[in-house]
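# A structural walkthrough
The chain contents come next:
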Amino acid sequence: MQKPGAMARARGRAIKMPVEPEYLSVNECEIVSGLSRWTWRRYAYAGTVASVKVGPRLLIPRSEMDRIMRAGLRPALNESAARVAAQ
């Protein structure tokens, strides 16, 4: 099994596979999630999300960003509830 981002060989040609970063900067979290970088910083320093400080950069694990986004996910309304809500 190949690691993500590793080079694979197919009929003598190298194929590049996309790489998903394991850690995102607070700026990248802002772009992906729509929450401000300051919100991500507040979450990190309050201990709401795990984080890593590398020099001046504050990095958030991708899994933590996904967890926060899933926590705010609202369930879809079924058809009859949607009609009642629309009236």
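Before reading further, recall that the structure is shown in the block above.
What you are looking at is a predicted structure, and each value in this text was computed from that prediction instead of being measured. (Residues numbered from 1 in each chain as written. Predicted model: local features only at pLDDT ≥ 70, side-chain atom pairs only at ≥ 80, totals over all residues. Heavy atoms only, no water.)

Scanning the protein chain for helices and strands turns up 4 helices and 5 strands. Each helix and strand of the protein chain, ordered N terminal to C terminal, gives the series β-β-β-α-α-β-β-α-α. Relative to its 87 residues, the protein chain shows a buried fraction of 20%. For the protein chain, the proportion of contacts with a sequence separation of at least 24, taken over those separated by at least 6, is 37%. For the protein chain, the accessible area works out to roughly 7,000 Å², and carbon and sulfur atoms hold 56% of it. (Helix = DSSP H or I, 4+ residues; strand = E, 2+ residues; numbered from the N terminus. Buried < 20%, exposed > 50% of the residue type's maximum accessible area, 1.4 Å probe, protein only. Contact = heavy atoms within 4.5 Å. Areas by Shrake-Rupley, 256 points an atom, 1.4 Å probe, with all protein chains shown as cover.)

A few words now on the packing of helix H1 (residues 26-33) against helix H3 (residues 62-71). Taken N-terminus to C-terminus, the directions of H1 and H3 make an angle of 35°; their axes are 11 Å apart at the nearest point. With respect to the hand of their crossing, H1 and H3 are arranged in right-handed fashion. Packed against H1, whose contacting residues are Cys29, Val32 and Ser33, the element H3 presents Arg62, Met65 and Met69 at the interface. Classifying every residue of the contact of H1 with H3 gives 4 nonpolar, 1 polar and 1 charged. (Axes fitted to C-alpha atoms, helices over the stretch in contact; angles between N-to-C directions. Left-handed = near helix turned anticlockwise from the far one by under 90°. Nonpolar A, V, L, I, M, F, W, Y, C, P; charged D, E, K, R; others polar.)

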